[in-house]
Amino acid sequence: MFFAAGVFYYFLTEQVRTLVHAMAAAFPGSRLVFDAANKKAVRLMLKIWIKDAEIQDVGAYFAVSDAKAELSPWSENISVSSRGYMLGYNDLSDPSVSPFFRFLARVGDNMMKMKIVRIEMS
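Reading guide: rules and limits
Here the residue numbering is sequential within each chain, running from 1 through the sequence in written order. Confidence filtering applies because this is a predicted model: local features only for residues at pLDDT of at least 70, side-chain atom pairs given and counted only at 80 or more, and all residues used for totals across whole chains, interfaces and linings. Side-chain numbers here rest on the full set of heavy atoms in the structure, without hydrogens or water. Here the aromatic set is Phe, Tyr and Trp, taking the six-membered ring for Trp, and pairing holds for ring centres within 6.5 Å; pairs whose planes are under 30 degrees apart are stacked, those over 60 apart are edge-to-face, and all others are tilted. To qualify as a helix, a DSSP run of H or I must reach at least 4 residues; to qualify as a strand, a run of E must reach at least 2; elements of each kind are numbered from the N terminus. Any residue under 20% of the maximum accessible area for its type is buried, any over 50% is exposed, and the rest in between are partly exposed; the area is computed with a 1.4 Å probe on protein chains only. Only strands joined by at least two bridges in the DSSP assignment are considered to pair. Seen with the strands pointing away from the viewer, any crossover whose path from the first strand over the helix to the second strand runs clockwise is right-handed. Known as pLDDT, the predictor's confidence for each residue is given on a scale from 0 to 100. Take the buried residues of types Ala, Val, Leu, Ile, Met, Phe, Trp, Tyr and Cys, join any two whose side-chain atoms come within 4.5 Å, and each joined set is a nonpolar core. Take a side-chain nitrogen of Lys or Arg and a carboxyl oxygen of Asp or Glu: if they are within 4 Å of each other, that pair is a salt bridge.

Caption draft 1: Here's a closer look at the packing of aromatic side chains. Within the structure shown, the criterion is met by 6 aromatic pairs. When the centroid spacing of 6.2 Å and the interplanar angle of 55° are considered together, the rings of F62 and W74 count as tilted. Linking F62 in the loop between α3 (47-53) and α4 (67-71) with W74 in the loop between α4 and β3 (78-84), this pair joins segments that are 12 residues apart in sequence. An aromatic cluster is defined as three or more aromatic residues linked by ring pairs; in this entry it consists of F8, F11, F34, F62 and W74.

See the structure below:
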């Protein structure tokens, strides 16, 4: 099992695709788990860094709105699934969950499509 937490936002999409291909070839039967978000969220996260680096094409950086649909075509040797970054771990109906957390979960998981993505290598 491999984890890449908070890492892929700083990679170009092609770099992530190349890594997934190499991992699928080198480690069949393994699993890669990472967090991802849509272009709008990545743009917000990288705003300062992108401005300082004078980068124009934010769309080239790794961003995902629908992990299964967008990443599955990368290889026939992978199986992709995902769940909400915040909603995937917490039952928002639990009284111990604060209203502020509920708000953040809805913004992150729904508007910015923040996800935990799992790729199974076969």
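Caption draft 2: Region of the structure containing the pairing of strand β2 (residues 31-36). Most of β2 is tucked away: 5 of the 6 residues are buried. Summarising the sheet, strand β1 (residues 2-4) and β2 pair through 3 bridges and their orientation is parallel. Considered in β2, the bridge of F3 is made with V33. Once you follow β1 into helix α1 (residues 13-26) and on to β2, the crossover reads as right-handed. As paired elements, β2 and strand β4 (residues 115-121) share 6 bridges and run antiparallel to each other. When the bridges of β4 are listed, L32 appears paired with I119.

Caption draft 3: Highlighting the confidence of the model for the protein chain. Mean pLDDT over the protein chain works out to 85, with 86% of the residues at or above the 70 mark. Mean pLDDT in the protein chain bottoms out at α3, which sits at 65, and peaks at α4, which reaches 96.

Caption draft 4: Region of the structure containing the nonpolar core. Counting 19 residues, the largest nonpolar core has L32, F34, F62, L71, I78, V117 and I119 as its most contacted members. Looking at this core, the elements with two or more residues in it are α1, β2, α4, β3 and β4. For this core, the element with the highest residue contribution is α1, accounting for 4 residues. Counting residues in hydrophobic clusters, the runner-up holds 10 residues, among them V42, Y61, A63 and M112.

Caption draft 5: Expanded view of the pattern of salt bridges. Scanning all chains against the criterion turns up 3 salt bridges. E14 is paired through a salt bridge with R17; the nearest N and O atoms lie 3.0 Å apart. Pair noted here: E14 and R17 are both in helix α1, with a separation of 3 residues, about one helical turn. On the basis of relative accessible area, E14 is assigned to the partly exposed category, the value being 47%. Take R17: its relative accessible area is 27%, and that puts it in the partly exposed class. The partner of E120 in a salt bridge is R118, with the nearest N and O atoms 3.2 Å apart. We classify E120 as partly exposed; its relative accessible area is 23%. Residues joined in a network through salt bridges with shared partners are R31, R118 and E120.

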